[in-house]
Amino acid sequence: MSNKESIVDIPTVNKIARLSRLNIPEASKQNLTNDLNNILGFVAQLEEVNTSDVKPLASVTGHKLPLRSDKVTDGNIEDLVLKNAPESSSGFFVVPKVIE
Amino acid sequence: MNESINLKPGQINGETGIWEMVIGLEIHAQILSKSKLFSGASASFGAEANSNVSLVDAAMPGMLPVINEFCVEQAVKTGLALNAKINNVSIFDRKNYFYADLPQGYQISQFTKPIVGEGEIIIDLDDGLQTTIGIERLHLEQDAGKSLHDQHPSKSYIDLNRTGVALMEIVSKPDIRSPQEAGAYVKKIRSILRYVGACDGNMEEGSLRADCNVSVRKSGEEFGTRCEIKNLNSVRFIIQAIQSEAERQVEILEDGGKINQETRLFDTSTGETRSMRSKEDAHDYRYFPDPDLLPLEFSDSWVQKIRETLPELPDLLKKRLVTDFSITPYDASILVEEKDYVDFYEKAANGKDGKLTANWMITELFGALKKENISLSNSPISPENLGQLIALISDGTISGKIAKDVFAEMMISKKSPSDIVKEKGLEQVSDDTEILKLIDKVISENEDKVKDYLCGKDKLFGFFVGQVMKLSQGKANPGIVNKLLKEKLK
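Being a predicted model, the structure only gives us computed values, none of them experimental.

**Focus: the domain arrangement of chain B**
Many analyses report the size of an interface as the accessible area lost when the parts associate. When the domains of chain B are assigned, the result is domain 1 (26–176 + 185–210 + 269–305), domain 2 (312–424) and domain 3 (432–488). One C-alpha centre belongs to domain 1 of chain B, the other to domain 3 of chain B; they are set 68 Å apart.

The following block contains the structure:
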């Protein structure tokens, strides 16, 4: 358990769930809140390490990003792409109307 | 309120005094690559729905993005052309939001560490003045798919062909102070992109589009709250949208209201902006580094290699044209707007009077092409023929007035000017004895007017010149006519 203050509460869980389009049952919310606080508390222990001389790190492997040349090597697989679509028509995905 | 106040562009004279605009632009430029930023599907325009889609673009589980080297080069090349700092290490982040045309549920973009940092460009204003606009950053990101809302009453149709196509987002500093400056800025960025070859700059097809951030303030005050106008796809709309948005904000503030920071759309039919029906969380993108992509790294020597491939850019080219051809900076700025203008001009003006060539190209040729709605690349008048026409004027073979007739004929028949001049017998008459004959005829037919002239009615001189020119069917050399008439009428 963390000795830090809890930073996630039920409204925060509601917000994250809404942003992630997750439907979380009311009964699970308190448990989930506790879990998230535990995870954050665990990670917060890292703050005790002195990192003043350490550069920020986006990857631990030390590999470089591989590059590919600009060639068309893929595509023309409409059938595969649309295969899992609940609805499609004349090559398009069909979804409930979304309009701004 | 002072009614006679002279407002500068970008100023609004409100009830409480003069307001000024603060504008920043985000330009999205589609990179001219064959394949997408992170997949090998084609990036071409106008294919069958969902045919240019790979399983990576469709965000199937387990697919991994691999970056396109050409797109990285174009971003660096553009950054160099914007006099900007190139970041040898940059990071890709996920920008999370839900929309039907975004199968990943996030856009791969660059948030904290973009590939290109701060830079600046010089923009040319209509009055011949220039001003410098700062560049905040340039980053690489994926385009989204396309939604069609007019195919069905209750459904949207989704085409993912554009999903994952490479975009550069170029963000300006809030240095722009008027809609006109914003227009000039977009034109300059478009021109640089086309010179570099990174983007075709085609605003109609959407390969270049802009979001405008607009706020207003009283001179010297802090920045006000801004609104963002999304997805403008022409310079004219950018200018209209900014003007109307700034006026809307002044009205709200002067009525004692507050500006809500929000995203707005420009309605081209009303010429006004309106609020997008957006949700409260719309801007909570929860960016984080994309774990599928390592940091993008390259060496200084690789950047140097790209620098060596940069073409002569508009600002330097402009200076060179002014020096080499003795034309005005203003004419030069028009000629460098497009690379093919410059190419045409340099061919036409080769060994000719540069100033005269620029005048004829900008006024006559551009005017005629615009009237006929023809692009310069399809001009019926070739650069060589325009150059020949300039030579005929310069060496006195034809007068400027006759040249206009020849030019009109060239537009129609595509013939060379010397052929037209020969066929129609339009050579200018510069021979003294020929012209003296004409002068004698005019004098003998207008004896009373000659008397009046000799008694001091100086204004009649123009009448005699006109009569001689008319008699020569416009072919007499006006300079020589003037000289000989003066001697004759002493």
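Resuming the write-up.
**Quick word on the nonpolar core**
All names here are of chain B. Core analysis: the largest hydrophobic core is formed by 69 residues, its most contacted members being Ala182, Cys212 and Ile242. The element that contributes the greatest number of residues to this core is helix 2 (residues 179–196), accounting for nine residues. Counting 29 residues, the second largest nonpolar core, distinct from the first, contains Leu335, Val342, Ala358 and Leu392.

**What to know about the interface of chain B and chain A**
Between chain B and chain A, the residue contacts involve 43 residues of the former and 33 residues of the latter. Of all elements in the fold, only strand 3 (67–68), helix 1 (69–81), strand 10 (155–159) and strand 17 (296–297) of chain B reach the threshold of two or more residues within the side of chain B that touches chain A. Residue contributions to the side of chain B that touches chain A peak at five residues, all from strand 10 of chain B. Taken together, the residues that form the side of chain B that touches chain A break down as 19 nonpolar, 14 polar and ten charged. The pairing of strand 1 (residues 67–68) of chain A with strand 3 of chain B spans two bridges and is classified as parallel. What sits directly across from Leu67 of chain A, in strand 3 of chain B, is Ile67 of chain B.

**Points about the sheet that holds strand 3 (residues 92–96) of chain A**
The four strands lie next to each other as 2(A)-3(A)-10(B)-9(B), forming an open sheet whose pairing is antiparallel. In this open sheet, the two edge strands, each paired with only one partner strand, are strand 2 (88–89) of chain A together with strand 9 (146–148) of chain B. Taken together, the four bridges between strand 3 of chain A and strand 10 of chain B define a ladder with antiparallel strand orientation. Bridging across to strand 10 of chain B, Val94 of chain A finds its partner in Tyr157 of chain B.

**Let's talk about the environment of Leu426 of chain B**
Residue and element names in this part refer to chain B. Checked against the element boundaries, Leu426 lands in the loop between helix 11 (417–424) and helix 12 (432–445). What makes Leu426 buried here is the crowd of 21 C-beta atoms within 10 Å. In this structure, the C-alpha to C-alpha distance between Leu426 and Leu316, residues 110 residues apart in sequence, is 41 Å. Beyond its immediate chain neighbours, meaning those up to four positions away, Leu426 contacts Ile398, Ile402, Val406, Val421 and Lys475.

**A few points about the pairing of strand 13 (residues 227–232) of chain B**
All names here are of chain B. Pairing of strand 12 (residues 208–218) with strand 13, which is carried by four bridges, proceeds in the antiparallel orientation. The residue of strand 13 that forms the bridge with Asn213 is Glu228. Two elements, strand 13 and strand 14 (residues 263–267), share two bridges in a ladder whose sense is parallel. Within strand 14, the position partnered with Glu228 by the bridge is Thr263.

**With respect to the environment of Leu365 of chain B**
Residues and elements named next belong to chain B. For Leu365, the location among the structural elements is in helix 8 (residues 354–372). Spatially, the C-alpha atoms of Leu365 and Lys8 are 32 Å apart, while their sequence positions differ by 357 residues. Beyond its immediate chain neighbours, meaning those up to four positions away, Leu365 contacts Trp360, Ser379, Ile381 and Leu386.

**A look at helix 2 of chain B**
Here helix 2 of chain B spans 26 Å end to end across 18 residues, near enough to the 26 Å set by a 1.5 Å rise per residue. Burial analysis of helix 2 of chain B places 16 of its 18 residues in the buried class, the great majority of the element.

**Re the confidence of the model for chain B**
The predicted structure's coordinates, where accompanied by low pLDDT, should not be read in detail. In the predicted model, chain B carries a mean pLDDT of 92, and 98% of its residues have values of at least 70. Confidence estimates for the predicted assembly give a pTM of 0.83 and an ipTM of 0.86.

**Things to note about unusual backbone geometry**
Excluding glycine, most residues fall at negative phi; most peptide bonds, likewise, are trans. Phi is positive for Ser90 of chain A, which is not a glycine, with a value near 35 degrees. Tracing the backbone shows Ser90 of chain A in the loop between strand 2 and strand 3. Residue Ser90 of chain A is classed as exposed on the basis of its 10 C-beta neighbours within 10 Å. Even without being glycine, Asn50 of chain B reaches a positive phi, approximately 60 degrees. Among the secondary structure elements, Asn50 of chain B is positioned in the loop between strand 2 (17–30) and strand 3.

The rules behind each value
Residues numbered from 1 in each chain as written. Chains lettered and ligands numbered in written order. Predicted model: local features only at pLDDT ≥ 70, side-chain atom pairs only at ≥ 80, totals over all residues. Domains from an automatic or database assignment. Core = buried A, V, L, I, M, F, W, Y, C linked by C-beta atoms within 7 Å. Buried ≥ 20, exposed ≤ 12 C-beta atoms within 10 Å, placed from the backbone. Helix = DSSP H or I, 4+ residues; strand = E, 2+ residues; numbered from the N terminus. Contact = placed C-beta atoms within 7 Å. Nonpolar A, V, L, I, M, F, W, Y, C, P; charged D, E, K, R; others polar. Pairing = 2+ DSSP bridges. Expected span 1.5 Å × (residues − 1). pLDDT = per-residue confidence, 0-100.

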